[in-house]
Amino acid sequence: MSAAFVSRAAISLAAALCIISAGCRVGPNYVRPSTPLAPAFKETLPTNFSAQDGWNPAQPSDTQLKGDWWTLFNDPQLNALEAQIDPANQTLKEAEANFNAARAAIRISRAAEAPTIGTAPSVGGVRDSNHQPYLNLSSSNTAEGDFSIPFDLDYEIDLWGRVRRTVTQAREQAQASAADVATARLSLHAELAVDYFDLRSADAQRKLLADTVAAFQSALALTEDRYNGGASPLSDVSEARTQLQTAQVAETDVDLQRAAYEHAIAVLIGKPPAAFTLVPVPVTVNAPAIPTIPGMLPSQLLERRPDIASAERSMAAANEQIGIAQAAFYPALSLSAAAGFVGTSALNWFDWPSRFFAVGPTLSQTIFDNGRRRAVSDVARAQYDATVAAYRQTTLTAFQQVEDNLNALHNLEIEAHQQQDATASAQQSLDLFNTRYQEGVDNYLQVITWQTALLQNERNDIEITRRRYEASVLLVKALGGGWNATLLPQNP
């Protein structure tokens with residue numbers, strides 16, 4: 001049997017095995033595990049929401065949450081700040097770099113789908129010593145050249161789907177990384193919006209306290225005039241001065257809080273705090289600009305939340321690892337080949353008689369590894385179970401976040417109306433006791449009591465407004481913003 005026939009037979013066998021192996025893959029097929037779902041959300045919707053009879057999945061397209069969801073708040077300054085997140089935020093750039101690395105890892109895995117070919121040309125010379133043992137003195141001992149240019153080919157024939165599962169796993173991990181980028185982007189935009197409304201609320205608190213300090217200064221001057229005229233005791237002056245100083249302390253504390261929010265916004269948009277300043281613009285108390293947010297069914301969160309999508313893609317990748325571990329129990333088939341030219345000098349290096357080749361398949365099987373493959377398989381199954389639990393926990397947490405913010409918006413809306421009434425009552429009481437004090441009917445303690453009560457209620461008005469804006473932002477975040485699972489790259 002000639003060498004040419006043997007080589008052709010080996011190549012034909014390898015090709016046949018490649019064709020057969022294309023339909024063979026060990027390990028479980030991926031099926032997305034079920035998650036606990038409710039038919040609708042439990043908490044009552046605020047009256048400013050668009051759904052008429054609970055969470056209605058059929059919404060007009062113009063009310064759907066878009067990628068730039070923050071425009072719902074109709075705040076040009078917020079829109080301008082949010083636009084700076086994507087190009088400048090370093091946390092987002094880190095997540096994008098991780099995605100690029102995961103995408104490159106797919107190409108690493110795909111490399112195993114094709115043969116690896118290498119070469120190692122060499123030129124050398126050799127001369128044996130005349131004094132070496134067992135030298136044949138009758139033969140001439142002259143220097144000989146060695147000119148070699150070999151080409152080596154190695155290829156693993158994917159009989160059991162190990163290579164294909166590795167590629168699929170890398171693709172699913174890249175999709176999970178893409179969802180992580182979307183999660184980071186959503187979180188950063190939401191964090192900026194929350195910090196922005198916190199800062200605007202601090203502006204409102206600052207304006208209120210500045211006005212209050214001015215009013216308390218006038219009250220102190222009036223009390224001092226009454227004391228100097230003998231109409232009020234010295235204790236009234238002391239109480240008025242204490243009231244003023246307390247308000248000044250609160251005013252300074254608000255300045256401290258505002259600076260922290262401004263610094264946080266600067267870092268989010270990729271600027272050093274020293275290079276960023278926002279002009280104070282107080283938030284409008286009980287503003288009607290709190291947006292209408294379209295609702296959805298609980299099942300829709302599975303497609304709208306990027307963190308859920310990331311957990312699901314990680315779960316699919318873990319499932320592929322089970323198949324990869326099971327493939328280790330089966331024989332591995334590889335095809336190796338070598339060919340090239342070897343000559344004794346540069347003159348005959350590439351002559352046709354200088355050619356050489358060798359080709360043939362190799363079948364290898366581990367007979368005993370003291371339970372190593374079984375342990376690797378058990379690890380893969382345990383890790384898959386862990387990703388299933390993480391997926392379900394992520395889903396439950398998503399439902400909780402929606403319910404929490406629905407409840408917050410509903411109750412804060414009620415609380416805002418109650419607080420408006422309380423503030424109006426406090427203002428009425430203060431006006432009454434101011435008049436009674438000036439007429440000498442009551443002492444100054446009653447005025448101070450209602451000044452304190454009015455200030456506290458006015459600050460509560462601002463705080464409730466801040467919390468309503470924050471709950472609106474967090475609800476948008478809990479709903480996944482404008483993201484959808486269809487945005488995952490299908491071929492990263």
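Here, the structure is the one placed above.
Residues numbered from 1 in each chain as written. Predicted model: local features only at pLDDT ≥ 70, side-chain atom pairs only at ≥ 80, totals over all residues. Heavy atoms only, no water.

Caption draft 1: Broad picture of the overall build of the chain. Of the regular secondary structure elements, the chain holds 10 helices and 5 strands. Across the 492 residues in the chain, those meeting the buried criterion constitute 40%. Summed over all atoms, the accessible surface of the chain reaches about 25700 Å², with 56% contributed by carbon and sulfur. (Helix = DSSP H or I, 4+ residues; strand = E, 2+ residues; numbered from the N terminus. Buried < 20%, exposed > 50% of the residue type's maximum accessible area, 1.4 Å probe, protein only. Areas by Shrake-Rupley, 256 points an atom, 1.4 Å probe, with all protein chains shown as cover.)

Caption draft 2: Representation of unusual backbone geometry within the structure. One non-glycine residue, Asn 74, adopts positive backbone phi at about 55°. Tracing the chain through its elements places Asn 74 in the loop between α1 (3-21) and α2 (76-82). For Asn 74, a relative accessible area of 62% puts it in the exposed group. Backbone geometry places Asn 370, a non-glycine residue, at a positive phi of 60°. Inspection of the secondary structure puts Asn 370 in the loop between β5 (355-364) and α9 (372-438). Classification of Asn 370 by relative accessible area gives exposed; the value is 65%.

Caption draft 3: Up close: the pattern of salt bridges. Across all of its chains, the model carries 22 salt bridges by this definition. As a salt-bridge pair, Arg 185 and Glu 96 come within 3.2 Å of each other at their nearest N and O atoms. Of this pair, Arg 185 sits in helix α5 (residues 162-228) while Glu 96 sits in helix α4 (residues 90-110), and the two are 89 residues apart along the sequence. A salt bridge links Arg 305 to Asp 307; the nearest nitrogen and oxygen atoms lie 2.8 Å apart. By relative accessible area, which is 5% here, Arg 305 ends up buried. Here Asp 307 falls in the partly exposed class, since its relative accessible area comes to 21%. (Salt bridge = Lys/Arg side-chain N within 4 Å of Asp/Glu carboxyl O.)

Caption draft 4: The nonpolar core, seen in detail. Judged by nonpolar contacts, the single largest core of 71 residues is most densely connected at Trp 69, Leu 81, Ile 265, Leu 301, Val 402, Val 473 and Leu 479. Elements supplying a minimum of two residues to this core: α2, α4, α5, α6 (234-268), α7 (301-304), α8 (306-327), α9 and α10 (444-478). Of the residues forming this core, the biggest block, 18 residues, is contributed by α5. (Core = buried A, V, L, I, M, F, W, Y, C linked by side-chain atoms within 4.5 Å.)

Caption draft 5: Main features of the packing of α9 against α10. Packing of α9 against α10 brings their axes to within 8 Å, and their N-to-C directions diverge by 160°. Taken together, the axes of α9 and α10 lie roughly antiparallel to each other. By crossing handedness, the relation of α9 to α10 is classed as left-handed. Within the contact of α9 with α10, the residues separate by chemical class into 21 nonpolar, 13 polar and 6 charged. (Axes fitted to C-alpha atoms, helices over the stretch in contact; angles between N-to-C directions. Parallel < 35°, antiparallel > 145°, perpendicular 65-115°, else oblique. Left-handed = near helix turned anticlockwise from the far one by under 90°. Nonpolar A, V, L, I, M, F, W, Y, C, P; charged D, E, K, R; others polar.)

Caption draft 6: Spotlight on the packing of aromatic side chains. Considering all chains together, one arrives at 11 aromatic pairs under this definition. Both rings, one in Trp 69 and one in Trp 70, keep their centres 5.5 Å apart while their planes meet at 75°; by these two values the pair is edge-to-face. With a centroid separation of 5.0 Å and 25° between ring planes, the pair formed by Trp 349 and Phe 350 is classed as stacked. Three or more aromatic residues link up through ring pairs in this structure, and these residues are Phe 73, Tyr 196, Phe 197 and Tyr 469. It is Arg 226 that lies over the ring of Tyr 437; its NZ or CZ is 4.5 Å from the centre. (Phe/Tyr/Trp six-rings, centres within 6.5 Å; stacked < 30°, edge-to-face > 60°. Lys NZ or Arg CZ within 6 Å of the ring centre and 35° of its normal.)

Caption draft 7: Structural context of the side chain of Arg 165. Of note, Arg 165 is situated in helix α5. Arg 165 gets classed as buried once you look at its relative accessible area, which sits at 1%. Among residues more than four places away in sequence, those in contact with Arg 165 are Arg 25, Val 26, Gly 27, Pro 28, Asn 29, Asn 319, Glu 320, Gly 323 and Ile 324. (Contact = heavy atoms within 4.5 Å.)

Caption draft 8: The side chain of His 189, seen in detail. With respect to the secondary-structure elements, His 189 resides in helix α5. Accessibility expressed as a relative area gives 3% for His 189, which makes it buried. Setting aside its immediate chain neighbours within four residues, His 189 contacts Trp 69, Trp 70, Glu 82, Ile 85 and Asp 86.

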